[in-house]
Amino acid sequence: MRIIATIRPIHADQTVCTHKVTSTGKPKEAGCTGRTAYTATCSAGDWTETGTTKAALEYVRDSHLRSHIAQPAIDA
């Protein structure tokens, strides 16, 4: 099983934003309230992290994914 963690932009009400936005993040489409944050979720469980920048979440996501890597057994 492949484990992935996705990062998605979200609105203030925590719904995923799939709308087109300008380079500054302002909505281009009617009905969009704008992106206020990003959320990362893992396919292997209930891990979720939210942050204001995508770059910060990329670091946290990568750290979380490394926690799923099996560590080799150490002979005693």
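Note that this is a predicted model, so its numbers are computed, not measured.

Peer 1: Describe in detail the environment of Val60, supporting the description with residues and values.
Peer 2: Structurally, Val60 can be placed in helix α1 (residues 54-66). Separated by 10 residues in the primary sequence, Val60 and Thr50 have C-alpha atoms spaced 9.8 Å apart.

Peer 1: Tell me what's going on with the sheet that holds strand β2 (residues 37-42), and back it up with residues and numbers.
Peer 2: With antiparallel pairing, 3 strands are arranged side by side in an open sheet as β1-β2-β3. Whereas interior strands pair on both sides, the edge strands pair on one side only; in this sheet they are β1 (5-10) and β3 (48-51). The mean angle between the axes of side-by-side strands here comes to 20°, regardless of whether they run parallel or antiparallel. The sheet contact formed by β1 and β2 spans 6 bridges and is antiparallel. Residue pairing in the sheet places Ile7 in a bridge with Ala40 of β2. Running over the sheet, α1 touches β1, β2 and β3 and is turned about 155° from β1.

Peer 1: So what about the pattern of salt bridges? Which residues, and what values?
Peer 2: One pass over the full model with this rule turns up 1 salt bridge. Between Arg61 and Asp62 there is a salt bridge, with its nearest N and O atoms 3.1 Å apart.

Peer 1: Help me get a handle on the side chain of His19, residues and values and all.
Peer 2: Mapped onto the elements, His19 comes out in the loop between β1 and β2. A polar side-chain atom of His19 sits 3.4 Å from a polar atom in the side chain of His11. Setting aside anything within four residues of it in sequence, one finds His19 in contact with His11, Glu29, Cys32 and Arg35.

Peer 1: Which residues make up the nonpolar core, and what values go with them?
Peer 2: Membership of the largest hydrophobic core is limited to 6 residues, which are Ala5, Ile7, Ala40, Cys42, Trp47 and Leu57. Residue assignment for this core shows that the elements contributing at least two residues are β1 and β2. Non-local contacts of Leu57, meaning those with residues more than four positions away in its chain, are made with Ile7, Tyr38, Thr39, Ala40, Glu49, Thr50 and Gly51.

Analysis parameters
Counting starts from 1 at the beginning of each chain's written sequence and moves along it residue by residue. Two thresholds apply to this predicted model, a pLDDT of at least 70 for residue-level local features and 80 or more for giving and counting side-chain atom pairs, whereas whole-chain, interface and lining totals are computed over all residues. Calculation of side-chain values draws on the structure's entire complement of heavy atoms; hydrogens and water are dropped beforehand. Helix and strand definitions follow DSSP, with helices as H or I runs of at least four residues and strands as E runs of at least two, each counted in order from the N terminus. For two strands to be treated as a pair, DSSP must find no fewer than two bridges joining them. Under this scheme, a helix contributes an axis fitted over its contacting stretch, all axes are lines through C-alpha atoms, and angles between N-to-C directions fall in the 0 to 180 degree range. We call two residues in contact when some of their heavy atoms are within 4.5 Å. When a carboxyl oxygen of Asp or Glu lies within 4 Å of a side-chain nitrogen of Lys or Arg, that pair is called a salt bridge. We call two N or O atoms a polar contact when they sit within 3.5 Å, provided that within protein one can donate a hydrogen and the other can accept it, with sequence-adjacent residues counted only if both atoms are side-chain atoms. Nine residue types can take part in a nonpolar core, namely buried Ala, Val, Leu, Ile, Met, Phe, Trp, Tyr and Cys, and a core is a set of them joined through side-chain atoms within 4.5 Å. Think of it in three bands: residues with accessible area under 20% of the maximum for their type are buried, residues over 50% are exposed, and the middle band is partly exposed, with areas taken using a 1.4 Å probe on protein chains only.

From the geometry alone we can't say anything about function, so treat these as descriptive.
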